[in-house]
Amino acid sequence: MSDKKSSVNNIYRLEGRVPVEKAIPFGLQHILAMFVANLTPITIIAAAGGLSQSEIAVLLQNAMFVAGIATLIQLYPLWKVGSGLPIVMGVSFTFVTVLSTIAANYGYPTVVGVVLVGGIFEGTLGLFAKYWRKIISPIVAASVVTAIGLSLFSVGARSFGGGYAEDFGSAQNLLLGTITLVVCLAWNCLAKGYLKQLSVLAGLIVGYVIAIFMGKVDLSVILADGVISLPKLLPYMPEFHLGAILSVCIIYLVSAAETIGDTTAMVSTGLNREITDREISGSLGCDGYASAISSLLGCPPVTSFSQNVGLVAMTKVVNRFTIMTGAVCMIIAGLLPPVGNFFASLPEAVLGGCTIMMFGTIFTSGIQMIAKAGFTQRNITIAALSLAVGAGFTQASEIDLWHIFPSMIQTVFSENVVAVVFVTAILLNFVLPGNMEVEKVNGKQKEQ
């Protein structure tokens, strides 16, 4: 009996086997939490490149397959590539703006080329992370994690209202999102033991069933593409343009900062310890080289998914075997179009009801990291100014602040709060004196 209890409790440990029937629901919960978000960037970028619906369908299938492979590499490293941590990988939202612009101006084959070159760039940079990692000090990483949480609030709100559908903000969508959120909260309050950690999955299931009765799920599309289909290698031959490559490599640096923030937050909240150089290096290596593999399947870059970091922070389920079952489900979804179509039919409002609280968890994780770094005058200055500039200068209403800068700068920073926070925090970390504390001498304040 004690062995059985121990095997179940292994879901809260990095290592150890968990009964398959217990592992699958937790792994599936991770995949459901990121499934739609994994597919949305491709739809946007491919549409900007003028691809047809049938071409987009092939890329969506490839995206599911590559996300599963990348997650497996992250969980179980190959050589120095992969962190060995419960990080779930998926197609990155960070690149949507720049890749959409490239797709519109140069065509989709150029997107494939820049993702390939940029992925190799980030992967190689990641292997040497121990030589430059100190640039990302604890307060810089904490600020980036907080910014990631800030950047996801609008994503959660958009999903809650129904995504980019014509009926965004309709009563049906708001009701569906609210019901899903209430189910998640009720399950989290009333369930016992390890079942308490399945609140997101419970919300997704109940929300999906209700959405069917509301007529918001088209079940006829599930078998529309046949039963099995292998991913298509090199659906587009890569083309290379230097300007496009340089702009994307800059975004890869921003993505690397997000990955460092995600990985640091996961280790801090899920494993309650400091992250190691080896884990950062492996995580970035997987980010980059898996993105290069993704390009060979015609897909945008893959990266660590912040919503899954939030799920780990909320549930404390960190077992690699458990997360691996979710990665396998993703690979199966990439091989079996009906499975992928079933997951893809999940309404955005249901996803929003489940993820909006998780995104809040990311933000509070960043606040906790700031507190852990210490509320020194220097740290407060770095966090406060970088977040104020990042959040303020990237508001849609203030976007004209960037109009005097070159188009490349506008593309990278004007709507990317994480990029602005990252650069501002790095600069402040370099230029501010090491000791900015104020002490009292004879009743008067004096700078040290």
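Bear in mind the structure is a predicted one, so any value in this text is a computation, not a measurement.

Colleague: Explain the environment of proline 433 here, please?
Modeller: Locating proline 433 in the fold gives a position in the loop between helix 18 (417-431) and strand 3 (438-441). Proline 433 sits 55 residues away from arginine 378 along the chain, and the two C-alpha atoms are 7.9 Å apart.

Colleague: Hey, could you run me through the side chain of aspartate 262 in this one?
Modeller: The residue aspartate 262 is located in helix 10 (residues 242-271) in this model. Buried charge without a partner: aspartate 262 forms no salt bridge, and the closest opposite charge is lysine 316, 15 Å away. At a separation of 2.9 Å, a polar atom in the side chain of aspartate 262 contacts the side chain of serine 304. If near-sequence neighbours (up to four positions away) are discounted, aspartate 262 is found in contact with Val145, Ile148, Ser304, Phe305, Ser306 and Val309.

Colleague: How do you make sense of the nonpolar core when you look at a structure like this?
Modeller: Soluble globular proteins tend to pack their nonpolar side chains together in the buried interior. Formed by 121 residues in total, the largest nonpolar core has its most connected members in Leu99 and Tyr108. Considering each element in turn, this core owes the most residues, 14 residues, to helix 10.

Colleague: What is the right way to look at the packing of aromatic side chains in this model?
Modeller: Enumeration according to the criterion identifies six aromatic pairs in this entry. Measuring from ring centre to ring centre gives 5.6 Å for phenylalanine 153 and phenylalanine 363, while their planes differ by 55°; the resulting arrangement is tilted. Here the residue phenylalanine 153 occupies a position in helix 7 (residues 138-160), and phenylalanine 363 occupies one in helix 15 (residues 348-373), the gap between them amounting to 210 residues. Clustering of aromatic rings is evident, with ring pairs tying together Trp402, Phe405 and Phe413.

Colleague: Please clarify how unusual backbone geometry should be interpreted in this entry.
Modeller: What you tend to see is this: most non-glycine residues have negative phi, and most peptide bonds are trans. One non-glycine residue with positive phi stands out, namely tryptophan 79, at about 55°. By secondary structure assignment, the location of tryptophan 79 is in the loop between helix 3 (53-75) and strand 1 (89-91). Backbone geometry at leucine 234 places phi at a positive 50°, although glycine is not the residue there. Tracing the backbone through its elements, the reader meets leucine 234 in the loop between helix 9 (199-213) and helix 10.

Colleague: I'm lost on the pattern of salt bridges in this one. Help?
Modeller: Any two side chains of opposite charge can pair if their charged atoms end up close together. Applying the stated criterion across every chain yields a total of four salt bridges. Between arginine 320 and glutamate 15 there is a salt bridge, and its shortest N-O distance comes to 3.1 Å. With arginine 320 in helix 13 (residues 320-335) and glutamate 15 in the loop between helix 1 (2-9) and helix 2 (20-48), this residue pair connects regions lying 305 residues apart in the sequence. The partner of glutamate 274 in a salt bridge is lysine 372, and the shortest N-O contact between them spans 3.6 Å. Of this pair, glutamate 274 sits in the loop between helix 10 and helix 11 (277-296) while lysine 372 sits in helix 15, and the two are 98 residues apart along the sequence. Overall, the relative accessible area of 55% leaves glutamate 274 in the exposed class.

Colleague: So what exactly am I meant to see when it comes to the packing of helix 9 against helix 15 here?
Modeller: When two helices pack together, their arrangement is given by the angle between their axes and by how far apart the axes lie. Contact geometry of helix 9 with helix 15 gives a least axis separation of 8 Å together with a crossing angle of 160°. When the axis of helix 9 is compared with that of helix 15, the two are roughly antiparallel. When the axes of helix 9 and helix 15 are compared, the crossing they make is right-handed. Where helix 9 abuts helix 15, its residues Val200, Gly203, Leu204, Gly207, Tyr208 and Ala211 lie against Val350, Leu351, Cys354 and Met358.

What counts as what
Residues numbered from 1 in each chain as written. Predicted model: local features only at pLDDT ≥ 70, side-chain atom pairs only at ≥ 80, totals over all residues. Heavy atoms only, no water. Helix = DSSP H or I, 4+ residues; strand = E, 2+ residues; numbered from the N terminus. Buried < 20%, exposed > 50% of the residue type's maximum accessible area, 1.4 Å probe, protein only. Lys, Arg positive; Asp, Glu negative; His and termini not counted. Salt bridge = Lys/Arg side-chain N within 4 Å of Asp/Glu carboxyl O. Polar contact = N/O pair within 3.5 Å; in protein donor to acceptor, adjacent residues only side chain to side chain. Contact = heavy atoms within 4.5 Å. Core = buried A, V, L, I, M, F, W, Y, C linked by side-chain atoms within 4.5 Å. Phe/Tyr/Trp six-rings, centres within 6.5 Å; stacked < 30°, edge-to-face > 60°. Axes fitted to C-alpha atoms, helices over the stretch in contact; angles between N-to-C directions. Parallel < 35°, antiparallel > 145°, perpendicular 65-115°, else oblique. Left-handed = near helix turned anticlockwise from the far one by under 90°.

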